[in-house]
Amino acid sequence: MSRIIIFTGKGGVGKTMISSAHALSSASEGKKTLLVSTDMAHNLGDFLEMKIGSDIIHVNEYLDAAELDPDKIMREDFPDFMRAWQGMLSSSGVKPSEQDQFTVIPGMESLFSLMKITQIEESGVYDRIIVDCAPTGETLSMLKLPELLSWYLEKFFPVGRVAFRILNPVTKTFLKVEMPDKDAMYDAEKIYVELTKVQDLLKDDSRTTVRLVCTPEKMVVEETKRSFMYLNLYHYHVDGIYINRIIPELEDNEFFLKWYKIQQDYIAELEHVFAGIPTMKLRWYPNEVKGINALDQFCDENLKKEELPEIFSVRGGGQNESYTRCGDGYCLSVGIPFADSDSIDVKCHDMDLTIQAGTQVRVIPLPYTLKGCIVKSTEYEDGKLKIMLAAGKEGFRI
Ligand SMILES: Nc1ncnc2c1ncn2[C@@H]1O[C@H](COP(=O)(O)OP(=O)(O)OP(=O)(O)O)[C@@H](O)[C@H]1O
Ligand SMILES: [Mg+2]
């Protein structure tokens, strides 16, 4: 099993530099490491000053790297998935041309990067996989895709638990809904299995975590808090905050002294709001950090050998979602730190609970026991949303 660390943050804050430094340090420990970029605007090669393409290359004995190309992965690694996807779409009456079959769901091609990472992880070659991501917006869209797509599949193609019943002509007559035909069902199931594998890997907080890179300035601090909230909402475990580009205190330079003070206030705010999450402060170097040699020096100063095991371990953790019995009903608790309580809206519909927080929506499929339940009340405190669920007309299911 590989340890996976995903780096994201606002554009230009230092994601590629910090993820590359982690990969290099990891390899220096003799751990087989893959540094992989999912950013469509790849710059890993520019940064390491070597040619890196979509195929995995050796950087040194223990370090490999690749800039993932979703189109190529789709064609070469997952032709069956593609056939299944096309089959499923045409059975639902959608007939997209070859080129725009994914425009049905914007940004869907990035799913192939996640599927490739899952496939690489399954190969068992790497101890650690370090992922350099695109800026937060795109990364959040990518990270929520597997869950979102699985949810759609469950809705329109009752896959998984009930699939065997649907495929059985006898039980089919007892089900009052019109089921998709057997081939479409089979296609949907194949896709569902792939999506489940990706989700199992990414949401396993004993091996996959997300780390947020930021700089100490207003807009970035705000975006980092929002990203943290959304990542929690989507059930990703964030176990590190990197505050980059900190300017040194230059007493004799009024311009920099002003900036120094501004930055110090934001650093204090970041340390306060992210108390409990390991934070690393990184100074602003007088020259661009670029290429393996500069990166080696950066690692010596910031990612010290004796601290490495701790740096790569999963820090903190614990359950993000939990159900408890309370009174006649159930209480579902979901961690959504820094949310504005006025922007939270919760609705329940049959087997789904929809949580809207700011601009993001997550649909949580409910356990069967809670089918048809109603939202009695909600309470938001200390970054936790507590949703009190009461039995609907038909009571709780057994
Ligand atoms: N602390 C620092 N000191 C000096 N230079 C830095 C520092 N952090 C980042 N840089 C430089 O800033 C540039 C941008 O960094 P990097 O490419 O890592 O950012 P990024 O977040 O990956 O950007 P993008 O969103 O475009 O992918 C790089 O040339 C890098 O060397
Ligand atoms: Mg980058």
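From a predicted model like this one, the values you see are computed outputs, not experimental measurements.

**A closer look at the overall build of the chain**
- Counting its secondary structure elements, the chain contains 13 helices and 15 strands.
- A total of 398 residues make up the chain; the buried ones form 35% of that total.
- Partitioning the intrachain contacts of the chain with sequence separation of at least 6 by distance along the chain shows that 70% fall at a separation of at least 24.

**With respect to helix α1 (residues 15-28)**
- Helix length check: α1 (14 residues) gives 20 Å between terminal C-alpha atoms against 20 Å at 1.5 Å per residue, within 8%.
- Most of α1 is tucked away, with 13 of its 14 residues classed as buried.

**Let's talk about the packing of α1 against helix α12 (residues 291-302)**
- For the pair α1 and α12, interaxial distance at closest approach is 9 Å and the crossing angle is 80°. Taken together, the axes of α1 and α12 are roughly perpendicular relative to one another. The residues of α12 that touch α1, namely those facing Ser 20, Ala 21, Leu 24 and Ser 25, are Leu 295, Asp 296, Phe 298, Cys 299 and Asn 302.

**As for the site of ligand 1**
- Close to ligand 1 lie 19 residues; Gly 14, Lys 15, Thr 16, Met 17 and Tyr 285 are nearest.
- Those elements giving two or more residues to the shell around ligand 1 turn out to be α1 and β7 (238-246).
- Classifying every residue of the shell around ligand 1 gives 8 nonpolar, 6 polar and 5 charged.

**Examining the sheet that holds strand β5 (residues 128-132)**
- Pairing in this open sheet of 8 strands is mixed, and the strands run β3-β4-β2-β5-β1-β6-β7-β8 from one edge to the other. Looking at the sheet topology across the chains shown, the edges are occupied by β3 (57-58) and β8 (279-283).
- In terms of strand pairing, strand β1 (residues 3-9) meets β5 through 5 bridges, oriented parallel. When the sheet's bridge partners are listed, Ile 6 is paired in β5 with Val 131.
- Sitting on the sheet, α1 touches β1, β2 (33-37), β4 (63-67), β5, β6 (208-214) and β7, and the angle it makes with β5 is about 165°.
- Strand contacts of helix α5 (residues 111-123): β1, β2 and β5, with the helix running at about 165° to β5, the strand carrying the most contacts.

**Here we look at the pairing of β4**
- Buried residues dominate β4, accounting for 4 of its 5 residues.
- Bridge count for β2 against β4 is 5 bridges, and the pairing is parallel. Within β4, the residue paired with Leu 35 across the bridge is Ala 65.
- Note: β3 against β4, 2 bridges, orientation antiparallel.

**Some points on the nonpolar core**
- Membership of the largest hydrophobic core comes to 89 residues, with the highest contact counts inside it found for Leu 35, Ile 129, Val 131, Ile 191 and Cys 214.
- Of the residues forming this core, the biggest block, 7 residues, is contributed by helix α10 (residues 218-233).
- When residues of this core are sorted by domain, at least three fall in each of domain 1 (3-312) and domain 2 (321-390).
- For Ile 129, the residues in contact, after removing those within four places along its chain, are Ser 2, Ile 4, Leu 34, Val 36, Ile 117, Ile 120 and Glu 121.

**A word on the sheet that holds strand β10 (residues 329-335)**
- Taken together, the 4 strands give an open sheet; going across it, the order is β9-β10-β15-β14, and neighbouring strands pair in antiparallel fashion. Each end of this open sheet is capped by a strand with a single partner; those strands are β9 (321-326) and β14 (374-381). The average angle at which neighbouring strand axes cross in this sheet is 20°, direction not considered.
- Looking at chain direction, β9 and β10 are connected through 6 bridges and run antiparallel. Bridge pairing links Glu 321 to Val 334 in β10.

**Some thoughts on the environment of Leu 195**
- Considering the arrangement of structural elements, one finds Leu 195 in helix α9 (residues 182-202).
- Residues Leu 195 and Pro 146, spaced 49 residues apart in sequence, show a C-alpha to C-alpha distance of 5.4 Å.
- For Leu 195, the residues in contact, after removing those within four places along its chain, are Pro 146, Leu 149 and Ser 150.

**Examining the confidence of the model for the chain**
- When pLDDT is averaged across the chain, the result is 85; 87% of the residues are at 70 or more.
- Below pLDDT 50 for its whole length, residues 161-179 participates in 11 contacts with residues either more than four positions away or in separate chains.

What counts and how
Residues numbered from 1 in each chain as written. Chains lettered and ligands numbered in written order. Predicted model: local features only at pLDDT ≥ 70, side-chain atom pairs only at ≥ 80, totals over all residues. Helix = DSSP H or I, 4+ residues; strand = E, 2+ residues; numbered from the N terminus. Buried ≥ 20, exposed ≤ 12 C-beta atoms within 10 Å, placed from the backbone. Contact = placed C-beta atoms within 7 Å. Expected span 1.5 Å × (residues − 1). Axes fitted to C-alpha atoms, helices over the stretch in contact; angles between N-to-C directions. Parallel < 35°, antiparallel > 145°, perpendicular 65-115°, else oblique. Near = placed C-beta within 6 Å. Nonpolar A, V, L, I, M, F, W, Y, C, P; charged D, E, K, R; others polar. Pairing = 2+ DSSP bridges. Core = buried A, V, L, I, M, F, W, Y, C linked by C-beta atoms within 7 Å. Domains from an automatic or database assignment. pLDDT = per-residue confidence, 0-100.

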